[in-house]
Amino acid sequence: MDRRPSVVEHELDLNLVVSPEHSVPVPARLSYGTHDPYAVHITFHLDTGTPVTWVFSRELLVEGTFRPCGQGDVRIWPTRAGRRSVLCLALASPAGDALLEAPLPAVAGWLEQTHRLVPPGGELGVLDLDGSLAELLA
């Protein structure tokens, strides 16, 4: 029997960049699960009381740890903030735009955990296509 967890989560503080000199901490949760093996979920816990979740491809996040990538609503790139390695996430929506900085080592470590759960290229093997099809036809 397979006892691996089906979800890998990590809580961390991101920085919402308000200006070049000022940022605001934003608690967030990274989540990845076998129920949606191509996607990562980032939930931001804002002062509004209602968390905001963004969903995009795990492959995009992995690539963004090495080089600038993405276009449109989600753009990701690695950089340095002083002596720290950070991952920049530029998010755009009809409600507004946000630039966030995440600690790159923490995100990379979490991505390694997701790869142990579902190796890159193995996503199709964990999808229950027959079950999903049966749900659609029911």
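Quantities reported herein were computed from a predicted structural model and do not represent experimental measurements. (Residues numbered from 1 in each chain as written. Predicted model: local features only at pLDDT ≥ 70, side-chain atom pairs only at ≥ 80, totals over all residues. Heavy atoms only, no water.)

Draft legend 1. Broad picture of the overall build of the protein. A count of helices and strands for the protein gives four helices and eight strands. Listed by position from the N terminus, the elements making up the protein come as β-β-β-β-α-β-β-β-β-α-α-α. Taking all 138 residues of the protein together, the buried fraction comes to 31%. Within the protein, contacts between residues at least 6 apart in sequence are counted, and of these 35% link residues at least 24 apart. Accessible area for the protein stands at about 8,600 Å²; split by element, carbon and sulfur atoms hold 55% of it. Distance between charge centroids for the protein: 10 Å, based on 10 positive and 17 negative side chains. (Helix = DSSP H or I, 4+ residues; strand = E, 2+ residues; numbered from the N terminus. Buried < 20%, exposed > 50% of the residue type's maximum accessible area, 1.4 Å probe, protein only. Contact = heavy atoms within 4.5 Å. Areas by Shrake-Rupley, 256 points an atom, 1.4 Å probe, with all protein chains shown as cover. Lys, Arg positive; Asp, Glu negative; His and termini not counted. Charge placed at Lys NZ, Arg CZ, Asp CG, Glu CD.)

Draft legend 2. Spatial organisation of the pairing of strand β3 (residues 39–44). For β3, the buried fraction is high: six of the six residues fall into the buried class. Taking every second residue as pointing to the same face, both faces of β3 are buried, with Ala-39, His-41 and Thr-43 on one and Val-40, Ile-42 and Phe-44 on the other. Pairing analysis gives four bridges linking strand β2 (residues 22–33) to β3, with the strands arranged antiparallel. Each bridged residue has a counterpart across the sheet, and for Ala-28 the counterpart in β3 is Phe-44. The hairpin formed by β2 and β3 contains five residues between the paired strands. When β3 meets strand β4 (residues 52–57), the two strands line up antiparallel, connected through six bridges. Paired with His-41 across the bridge in β4 is Val-55. (Pairing = 2+ DSSP bridges.)

Draft legend 3. Broad picture of the nonpolar core. The biggest cluster of nonpolar side chains holds 28 residues, and the ones touching the most others in it are Phe-44, Phe-56, Leu-61, Ile-76, Val-107 and Trp-110. With five residues, the single largest contributor to this core is helix α2 (residues 104–117). Excluding residues within four positions of it along the chain, Val-107 makes contact with Leu-12, Leu-30, Leu-61, Leu-87 and Ala-102. (Core = buried A, V, L, I, M, F, W, Y, C linked by side-chain atoms within 4.5 Å.)

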